[in-house]
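Architecture and fold: a report
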Amino acid sequence: MPAAAPPSPADPGRVYRLVDASGQPHPILDDLFESIEAAWDAALEWCQAQGLVPAEAAPLDQSLVLGAHFGMEVSTRRGEWRTLRHAGLPAIASPARPLALPHG
């Protein structure tokens, strides 16, 4: 049996990509990732290299910086992209409306 090809947007497997604040593929991290975690790890590494977040920052602070700079899309079975999260600062949290953080 031949080895399975890596997933692509046209395959049934899901792949993820990072997008900028305008919903376009991120100009630097325009790549396909096998998981949400892999995409967020690449985004965090880039943010740290840019000095946007220190390596020792708390996970909540890291998530806020990532969410401000990156959105996330997932491929569909038809090869289209569906938005999972828009880039931008989250709305003010309240007990009635908890703060939504990116997964990862």
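The structure under discussion appears in the preceding block.
Here we summarise the structure given alongside this text. (Residues numbered from 1 in each chain as written. Predicted model: local features only at pLDDT ≥ 70, side-chain atom pairs only at ≥ 80, totals over all residues. Heavy atoms only, no water.)

Turning next to the pattern of salt bridges. Per the counting criterion, the structure on display carries two salt bridges. Residue Arg17 pairs with Glu73 through a salt bridge whose shortest N-O separation is 2.7 Å. Taken together, the residues span a long stretch of sequence, with Arg17 in strand 1 (residues 16-19) and Glu73 in strand 2 (residues 71-75) at a distance of 56 residues. For Glu73, a relative accessible area of 7% corresponds to the buried category. For Arg78, the salt bridge identified is with Glu80, shortest N-O distance 3.3 Å. Accessibility expressed as a relative area gives 41% for Glu80, which makes it partly exposed. (Salt bridge = Lys/Arg side-chain N within 4 Å of Asp/Glu carboxyl O. Helix = DSSP H or I, 4+ residues; strand = E, 2+ residues; numbered from the N terminus. Buried < 20%, exposed > 50% of the residue type's maximum accessible area, 1.4 Å probe, protein only.)

In this section: helix 2 (residues 59-69). For helix 2, every residue scored as buried is listed here: Gln62, Ser63, Val65, Leu66 and Gly67. Residues of helix 2 that are buried sit in contact with helix 1 (36-49) and strand 3 (81-85). (Contact = heavy atoms within 4.5 Å.)

This part is about the pairing of strand 3. For strand 2 and strand 3, the ladder comprises four bridges, and the chain directions are antiparallel. Bridging across to strand 3, Ser75 finds its partner in Trp81. From the end of strand 2 to the start of strand 3, which pair antiparallel, there are five residues, and Gly79 there has a positive phi angle of about 85°. (Pairing = 2+ DSSP bridges.)

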